[in-house]
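Examination of the molecular architecture
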Amino acid sequence: MQKCLERSRRLRIGRVLFGIALILVFLRLYIFIPTDVTGISMYPTLNPNDRVVMSTVSSIDRFDIVVFTDPMNKTVVKRVIGLPGDSVRYEQDKLYINNKLVKEPFLNRSEISDEPGLWTSNFTMINDNANEVPDGHYFVMGDNRRYSYDSRFYGSISSEEVLGEIIMMYYPSEKIKFY
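Throughout, residues of each chain are indexed from 1 in the direction in which the sequence is written. Per-residue local features are limited, in this predicted model, to residues with pLDDT of at least 70; the limit for side-chain atom pairs, both in listing and counting, is 80 or more; totals at the level of whole chains, interfaces and linings are taken over all residues. As a rule here, side-chain values come from all non-hydrogen atoms in the structure, and water together with hydrogens is ignored.

Note the cis peptide between Tyr43 and Pro44, where omega equals 5°. A run of H or I in DSSP counts as a helix once it spans at least four residues, and a run of E counts as a strand once it spans at least two, with each numbered from the N terminus. Mapped onto the elements, Pro44 comes out in the loop between β1 (32–36) and β2 (51–55). Of note, the bond from Tyr171 into Pro172 is cis; its omega dihedral lies within 30 degrees of zero at 5°. Mapped onto the elements, Pro172 comes out in the loop between β11 (162–171) and β12 (177–178).

Below, the structure written as structure tokens:
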């Protein structure tokens, strides 16, 4: 009788562990997906070969970092600057959204402030003869504004192109950070 109870207990523990393993595999495959950063467009926030985790179920807000497929069919990482209905412009390194000055605290870094000249060149968003982000789209830019191929060049991106939002950097380990 004792052996039968012990066997039953081990079976229950095994089922629970198997269920937990299935849930973790599902979360890893469909919800929290690790990805690598390529290119220098998000410097100094993210560097080439940094490893991050993106969430495929996040709602996207201004200044979130997203992974999407760009017009050249490359998977890239950029920061959301403009939301649907926003007008976006830069003047003398200052961001204006809907004609209101908006601070970008993620750009307050010595790697940027020590550089001579403008970090973000002056521009006004023009998208299909309109000056606002269309419904269901985002205006995205890399943090390394001088070397980022982004919405300033190819226009806003559709929300359907967004693969996920970066929620954590886990490599290199000394830079572990949640977003």
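Among the secondary structure elements, Ser55 is positioned in strand β2. Burial classes: relative accessible area under 20% of the type maximum marks a residue as buried, over 50% as exposed, and values in between as partly exposed (1.4 Å probe, protein chains only). Judged by relative accessible area, which is 4%, Ser55 ranks as buried. Pairing of N or O atoms within 3.5 Å defines a polar contact, subject to two protein rules: one partner must be a possible hydrogen donor and the other a possible acceptor, and residues neighboring in sequence count only if both atoms are side-chain atoms. A distance of 3.3 Å separates the side chain of Ser55 from the backbone nitrogen of Val57, its partner in a polar contact. Setting aside anything within four residues of it in sequence, one finds Ser55 in contact with Ile31, Phe32, Gly164, Glu165 and Ile167. Note on definitions: a residue-residue contact is assigned when non-hydrogen atoms from the two residues lie within 4.5 Å.

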